[in-house]
Amino acid sequence: MEVVVASAVGVLTASGIYLVLRLRAFPVILGLALLSYAANVFLFASGRLAINMPPVLSKYGEASYTDPLPQALVLTAIVISFGMTAVLVMVALAAYLKAGSDAVNMGAPGTGAEDEEADS
Amino acid sequence: MFIENGFLLVIAALPFVGALIPGLMIRAGRTACASFTAIPTAFALVLLAMLAPEVMQGNVIRYEVEWLPQLGLSAAFFLDGLGLLFAGMILGVGLLITLYARFYLSGEDPMGQFYTYLLLFQGAMLGIVISDNILLLLIFWELTSLSSFLLIGYWKHLPEGRQGARMALAVTGAGGLAMIGGMLILGQIVGSYNLTDILTEGEAIRASEWYLPALVLILLGAFTKSAQFPFHFWLPHAMAAPTPVSAYLHSATMVKAGVFLMARMWPALAGTDAWFYLVATTGLITMVLGALIALFKDDLKALLAFSTVSHLGLLTMLLGFGTKLAAVVAVFHIINHLTFKAALFMTAGIVDHETHTRDIKRLGGLRHLMPVTFLVGTVAALSMAGIPLFNGFLSKEMMLEEAAHTTWGNSPYAVGALATLGALLSVAYSFRFIAHVFLGPVRDDYPAKPHDPPFGMWAAPALLAACVVIIGILPAAVVGPLVAVAGGAVIGGGEMPYYSLKIWHGITPALFMSVIAVAGGLVLLAMHRPLDRVWNAVPRPEAKTIFDALIARVAGASRGITESMHNGAISRYLAIFFVTTLIVGYAAWAGGGLTEATRAPLPVPPAVAIGWVLLIVAVISVTITHRRRFLSLVIIGVVGLMLSAGFVYLSAPDLALTQISVETVTIMLLLLALHFLPKETPVESGAALRLRDGAIAAASGLGVAALAYTFMLRDVDTISDFHLANSYEGGGGTNVVNVILVDFRGYDTYGEIIVLGIAGLVIFALMETLLNGPVARRLRETVYEPDRSRDRHPLMMVVATRVMMPIAVMVGIYIFLRGHNEPGGGFVAGLVISIALLMQYMASGFAWTQARQRFEYHGLIGFGVIIAGLTGAGAMLAGKPFLTSAFDYFHFPPIEEFELATAMAFDLGVFLVVFGAVMLMLYSLSRLARIAGETVNREPMDYDPTDRVENRKEA
């Protein structure tokens, strides 16, 4: 099971980083989404894996539970990463609508940065 | 003997508190402003006077307040003789300057600002001289650099003022940084940052192997502040400041801070060869060089500035001699220099103010036109020249006596001869000040008609000139006790050396040296004109050019580094970031050891294997198909789904619920955004770039996977046992994850919902700005393809979502209510209800749904934060820490027993914020669509079958 989780985290990270390094906003956003998946699972896994041991206290005597703390942290992280993605999407959208290009690098073709410089 | 007295703290705080006053009082007029500025200073002076008798008896007054004891930093103040002398000077001259500046500044200058800066500076300076803790001293030290920057650059419209202020800040600030290092070393050697401890550990400090670095660093701070060669160049440029500032900072206080520091540290650092050669030599060079340059300066203030440099050199040299007698002489000269130099600066200011020029070549003959100014200026200048009956003579005589008995290297005469040369030059420029400004024939080409200023303006320099004469005639009676107690403080107690403050010491070497100096000075003055021509013809290194070139080179180098790293290409920053992280990670891995695995791997059932394959294939597909944006978006949904399934399997039901609902919302958001973005990503990066990125990505992925795999097989100490044990008894819930969120780590959650709320508002604000700008026009011109669907709000979907709406809301409420004990809670509930509403938006369109909305999403965010905050504050009312949860069980027949917890109110806040933020984000996006000319439908669906029934009825 550990191999499964570790390899999933690895593949998510690798794909995330590859996409984040692209030159357009949309793949970068996708990459960040994949990276946040990777980070969340990584954090979650730091509580070690357990099957059938949810951290919900049993009314029926002793039972063992998995580590609840990473879960609580990851829960908020998931929601926050949604907020971050949303802000990023809006910024990318605003930039695209304004500049007519969704290139992430300044001075890249079509961003309008060179035109403005030429104007001024 | 130490005496505790809280007055010290009040004295230290008064100027800073007082700094608030001028800004308020300036509305009441300039005189009122100046008067009220004087009050805190005067008050502090009175308090100081009340403490003075104790200090004069040889006691030390202390007061200490703990500040950051972990760092050895405490707000500790102490007042001994040296501190008393300086504090008295700072406050006394501060009062005079306040008066003088009232008349000096013109109506256009923002006077309130000036007095505020002045008081800030005064407070910082005062802090330096009464700090007992060297870290505290450093803080005040830097504060003087900053506040003097404001004062020097006070006339913001003058480029010289701005440049001078920058140069002063750069030089003294850099010196201050060096001094921080020196002080920290000193503190480490002694094991305490308190001066009272450091000063008694002189032996240990001088014996330490760290003595030399500490000494050099501290001296760098002192030399830069006191304008010692080769850092002397900033002081003349700082003369662009208004004259009250020059008189205060550059004669009496700030430039003396370096001298003060050397005097303060004298018991700890002085007495070694290194000290003698570093300090005395620097002082000697500065003294002679400063005096030489001063002689050839035509600007009155520049002349005074270089003479100040020269006199600071003299003081430094005296302290550098390392003998007790020389140190006492230095103290005496500090007093004398203060009186005559401040008076001279103010005189120069008066001349400038009345004649509108400071150029000596355009002045002369003013003694008839400005008799009072002439008298004051002459008395002060004669004292500076070291003429008997004026106080400058006394300390100069004692200095020459000391110099005559000092051996430098193998030469017994070098110091004496150079000191005489310095004195000679000093006589020459002092006489030049008198002769070329006041004497000579009256001219008819002054830029303005000169006359004596009003009383308020000459009162302060006249008072100082009176001191010059009184001290000059009756030294022992007037300042004898002060010199004794301050000198005693400098040499760190012990026996006082024999000295006597009197005019006639008999026929001594110093007398001969003085006579040579005066005679030589007069000769030089007589030859000034030809000498001046020679001086101007000889090329000299110009400090400002060198400084500017140096600054330009440093700025160029840092710009080069910045621009090569920070060129606007985010991809490049990210690549640098990932590679750096990889290298650091590799270094950590290569340098650390690994323990044996302690956990057995869990088995992988077939279902999990299938999920894993799906996940991996989906992730890789997203990467491969990322140019086809719509497709990759659909596939990324699979990733989220598989992760949720994984969370379920791995005992994290809460995470699974959150992940799946967040996934839904995220995809909707991206879909909406994609509507406006290009649907394809063009191929821009070449194969090499892709290969490079692929390599970085693969290496990072491998590293993270290896790390995750390694730690998952090893056990760890965790604090979770506490949470599991206390969740029910302390938090009243059986779902430990939820209890952690709303109780144990409620503060975290509180912060996080605020962040989420801000994210929502940011998006709203961004859209608002965007839609009010030129973008809106471009959007309105959007042309849609003709082949769009005509049935955008299909009947089936409308009906289905309408039916599902109450059910979805029910589910949301249910998930919310059970959250404390079963998987669920505010986060998930907020998302679920958002999705229920979003379905309405999708089915019936934005406008139709919006028309039926009765509350604002902004408000929801606000209410959520307030409810959560109030719940937390409620705990404080009950005397418990913020966000402590309270709960109890209730039983009303026929309902089953249930629990009410304050945590639920907190969770309600969480719910409202999540709901509000998510809806606000999507709402903002859909507004874009409306601007872009999407048709607005008033009906819930495009094709409504009931219409036909109605029509038929009517027909």
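Structure shown above.
Residues numbered from 1 in each chain as written. Chains lettered and ligands numbered in written order. Predicted model: local features only at pLDDT ≥ 70, side-chain atom pairs only at ≥ 80, totals over all residues. Heavy atoms only, no water.

A tally of regular secondary structure across chain A gives four helices and zero strands. Counted from the first residue to the last, chain A has its helices and strands arranged as α-α-α-α. Long-range pairs, those at least 24 residues apart, make up 47% of the contacts in chain A between residues at least 6 apart in sequence. (Helix = DSSP H or I, 4+ residues; strand = E, 2+ residues; numbered from the N terminus. Contact = heavy atoms within 4.5 Å.)

In terms of nonpolar packing, the biggest core is built from 200 residues, with Met183(B), Trp234(B), Leu269(B) and Trp275(B) touching the most fellow members. A per-element tally of this core places helix H17 (residues 324-355) of chain B first, with 19 residues. Each residue touching Leu269(B), except ones within four places of it in the same chain, is listed here: Leu186(B), Ile205(B), Arg206(B), Tyr211(B), Leu215(B), Ile218(B) and Trp275(B). Residues Ala72(A), Val639(B), Val662(B) and Ile667(B) belong to the second largest nonpolar core, which totals 131 residues. (Core = buried A, V, L, I, M, F, W, Y, C linked by side-chain atoms within 4.5 Å. Buried < 20%, exposed > 50% of the residue type's maximum accessible area, 1.4 Å probe, protein only.)

It is worth spelling out helix H20 (residues 391-404) of chain B at this point. All names here are of chain B. In a regular helix each residue adds 1.5 Å, so 14 residues correspond to 20 Å; H20 covers 20 Å between its end C-alpha atoms and thus fits that length. For H20, the tally of buried residues reaches 12 of 14 residues, placing the bulk of the element in the interior. By the burial criterion, the buried members of H20 are Asn391, Gly392, Phe393, Leu394, Ser395, Lys396, Glu397, Met398, Met399, Leu400, Glu402 and Ala403. (Expected span 1.5 Å × (residues − 1).)

Tallied over the entire structure, the rule returns 18 salt bridges over all chains. Note that Arg629(B) and Asp102(A) form a salt bridge whose closest N and O atoms lie 2.8 Å from each other. Placement of Arg629(B) in helix H30 (residues 629-649) and of Asp102(A) in the loop between helix H3 (68-99) and helix H4 (113-119) is noted, with the two residues assigned to different chains. We classify Arg629(B) as buried; its relative accessible area is 0%. On the accessibility criterion, Asp102(A) (3% relative accessible area) is buried. The closest approach of N and O atoms between Asp299(B) and Arg358(B), which form a salt bridge, is 3.0 Å. You can see Asp299(B) sitting in the loop between helix H15 (273-295) and helix H16 (300-321) and its partner Arg358(B) sitting in the loop between H17 and helix H18 (366-369), a full 59 residues away along the chain. Asp299(B) sits in the partly exposed class, given a relative accessible area of 25%. (Salt bridge = Lys/Arg side-chain N within 4 Å of Asp/Glu carboxyl O.)

Another point: the packing of aromatic side chains. Residues and elements named next belong to chain B. This model, assessed by the stated rule, comprises 24 aromatic pairs over all chains. Ring geometry for Phe114 against Tyr115: centres 5.7 Å apart, planes inclined by 75°, an arrangement best described as edge-to-face. Comparing Phe114 with Tyr115 shows no difference in burial state: the two are buried. Geometrically, the ring pair formed by Phe296 and Trp535 is stacked, given 4.6 Å between the ring centres and 10° between the ring planes. Taken together, the residues span a long stretch of sequence, with Phe296 in the loop between H15 and H16 and Trp535 in helix H26 (residues 528-537) at a distance of 239 residues. Of the two residues examined, Phe296 and Trp535, each falls in the buried class. (Phe/Tyr/Trp six-rings, centres within 6.5 Å; stacked < 30°, edge-to-face > 60°.)

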